[in-house]
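Summary of structural features
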Amino acid sequence: RELRYQALREYAARHGAAGIAVAHTADDQAEELLLRLLRGSGRKGLAGMLIRQGDVIRPLLTTDKKGLLEYLAQHSIAFCHDSSNDDPQFLRNRIRHHLLPFLEKEFDPGIRKALLKTAANLSEDEDFLEKVTEESLRQLVSSKENTKGHVVHVLDRQGLTKLHPSLQRRLLEALLWQLGSPARYEHIMAIVKAGREGRSGSELHLSKGLRVGVTAGELQFSYPQGIKAWRGKLRS
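Starting from 1, residues in each chain are numbered consecutively following that chain's sequence as written. Residue-level local features of this predicted model are given only where pLDDT is at least 70; pairs of side-chain atoms are given and counted only at 80 or more, and the full residue set underlies all totals for whole chains, interfaces and linings. By convention in this description, side-chain values take in all heavy atoms of the structure and omit both hydrogens and water.

Numbered from the N terminus, helices here are DSSP runs of H or I no shorter than four residues, and strands are runs of E no shorter than two. What the protein chain contains, in helices and strands, is 9 helices and 8 strands. The C-alpha radius of gyration of the protein chain comes to 23 Å, more than 25% above the 18 Å expected for a compact globule of 236 residues. For the protein chain, the C-alpha atoms occupy an extent of roughly 75 × 45 × 35 Å along the three principal directions. When a residue's accessible area, from a 1.4 Å probe over protein chains only, is under 20% of the maximum for its type it is buried; when over 50% it is exposed; and in between it is partly exposed. A buried classification covers 36% of the 236 residues belonging to the protein chain. Here, residues are in contact when the closest pair of their heavy atoms is within 4.5 Å. For the protein chain, contacts bridging at least 24 residues in sequence account for 52% of all contacts bridging at least 6. Using a 1.4 Å probe, the Shrake-Rupley method yields the accessible areas, and only the shown protein chains count as cover for residues. In the form shown here, the protein chain has an accessible surface area of approximately 15200 Å², with 53% of it arising from carbon and sulfur atoms. When we talk radius of gyration, it's over C-alpha atoms, and the globule rule is simply 2.2 Å times the number of residues to the 0.38.

Two strands qualify as a pair provided that DSSP identifies no fewer than 2 bridges between them. With mixed pairing, 3 strands are arranged side by side in an open sheet as β1-β3-β2. Two strands in the sheet have a free side with no partner beyond their single neighbour: β1 (20-21) and β2 (52-53). Pairing of β2 with strand β3 (residues 56-57), which is carried by 2 bridges, proceeds in the antiparallel orientation. For R52, the partnering residue across the bridge sits in β3 and is I57.

With that out of the way, let us pick up the nonpolar core. If you look at the biggest cluster of nonpolar residues, it comprises 25 residues, and the most contacted ones within it are L155, L171, L172, L176, I191, L219 and F221. When residues of this core are traced back to their parent elements, those giving at least two are α6 (111-140), α8 (165-178), α9 (185-197), β7 (211-214) and β8 (218-222). Per element, the largest residue contribution to this core is 5 residues, and it comes from α8. Discounting chain neighbours no more than four positions away, the residues touching L155 are L140, V141, L160, L171, L172, G217, E218, L219 and F221. For this analysis, a nonpolar core means a set of buried residues of the types Ala, Val, Leu, Ile, Met, Phe, Trp, Tyr and Cys, connected via side-chain atoms within 4.5 Å.

Oppositely charged side chains can pair when the atoms bearing their charge come close. We define a salt bridge as a contact between a side-chain nitrogen of Lys or Arg and a carboxyl oxygen of Asp or Glu at a distance within 4 Å. Enumeration over the complete set of coordinates arrives at 14 salt bridges. The residue R138 makes a salt bridge to E135 at a minimum N-O spacing of 2.6 Å. In this pair, R138 and E135 are both assigned in helix α6, 3 residues apart and thus about one turn of the helix distant. Judged by its relative accessible area of 57%, R138 is exposed. By sharing partners, the salt bridges in this structure join D27, E104 and R112 into a single network.

Let's shift gears to the environment of H164. Tracing the sequence through the fold places H164 in the loop between α7 (157-162) and α8. Any pair of nitrogen or oxygen atoms within 3.5 Å is treated as a polar contact; in protein, a donor-acceptor pairing is required on top of that, and neighbouring residues in sequence qualify only through side-chain atoms on both sides. Here S166 takes part through its backbone nitrogen, which lies 3.0 Å from a polar atom of the side chain of H164.

Our next topic: α9. A helix is expected to reach a length of 1.5 Å times the quantity of its residues less one. Here α9 spans 18 Å end to end across 13 residues, near enough to the 18 Å set by a 1.5 Å rise per residue. All buried positions along α9 are accounted for by H187, I188, I191, V192, A194 and G195. Down the axis of α9, the buried side of the element spans an arc of 160°, and every buried residue falls inside it. Pointing more than 90 degrees away from the buried face of α9 are the exposed residues Y185 and R196. To obtain the arc, one takes the directions from the helix axis to the C-beta atoms.

The subject of this paragraph is the packing of α6 against α8. What counts as an axis is a line fitted to C-alpha atoms, over the stretch in contact for a helix, and the angles between N-to-C directions run from 0 to 180 degrees. α8 packs onto α6 with a crossing angle of 70° between their chain directions and a minimal axis gap of 9 Å. As the angle between them shows, α6 and α8 are arranged roughly perpendicular. In this structure, α6 contributes E126, L129, E130, V132, T133, S136, L137 and L140 to the contact, and α8 contributes L167, R170, L171, A174, L175 and Q178. Its residues placed into classes, the contact of α6 with α8 shows 8 nonpolar, 3 polar and 3 charged. Roughly parallel refers to an angle under 35 degrees, roughly antiparallel to one over 145, roughly perpendicular to one between 65 and 115, and oblique to any angle outside these ranges. Just so you know the grouping, Ala, Val, Leu, Ile, Met, Phe, Trp, Tyr, Cys and Pro go in nonpolar, Asp, Glu, Lys and Arg go in charged, and all remaining residues, Gly too, go in polar.

Another point: the pairing of β7. Burial along β7 is two-sided: the face carrying R211 and G213 and the face carrying V212 and V214 are both buried. As paired strands, strand β6 (residues 203-205) and β7 are joined by 3 bridges and run antiparallel to one another. Opposite H205, over in β7, you have R211 as the bridge partner. Linking β6 to β7, which pair antiparallel, is a turn of 5 residues; within it K208 sits at a positive phi near 60°. Here β7 pairs with β8 via 4 bridges, running antiparallel. Note that in β8 the partner of V214 across the bridge is L219.

Written as structure tokens, this is what we have:
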């Protein structure tokens, strides 16, 4: 998959294309939702694939595969079949060929439409929550240089603790990704705890050399030694 998208982006760049259109259908969306559910995805993952995501567009995402194949047959349009889509060693194929047909037969003939409705609702919710998170980031996070010339990203402790717990986690996840640090759940919860009850002068050691210094009113995120793993404290 990664090599395929890399090749498509290289081809698009050579020809000055503004985007890449892929042929994911509504059936692919239903399969993707079940796949992500089985893997334990959160709300964002369960929102499914987006019609537009960066340079990728999915114009057929609301079209079912049966209708698409009928259209191709009526207009004598040839298409390719990837034989790997039939290989049961891949989880997606077991969902496509076994799980979804089983759910349709034994539980709900309209399961695909129900899954698409769930993805659409969650996508709208996710869009709203992303905007709220971005606004909270703008209000609560600022940047400055410390006395050693290092860039420090400052998060207002009181502002963080006033947010709903869900928004606290989302804000910190977004901030960690922006700073180039893996947004691990245990790290996020450690920062939440530091914001709520951390002692001034204490600090957290996160991935890739990221340090979170705690003051009376702030959480200060910085890479004192650059983005690399290292041992040691911010203060000697």
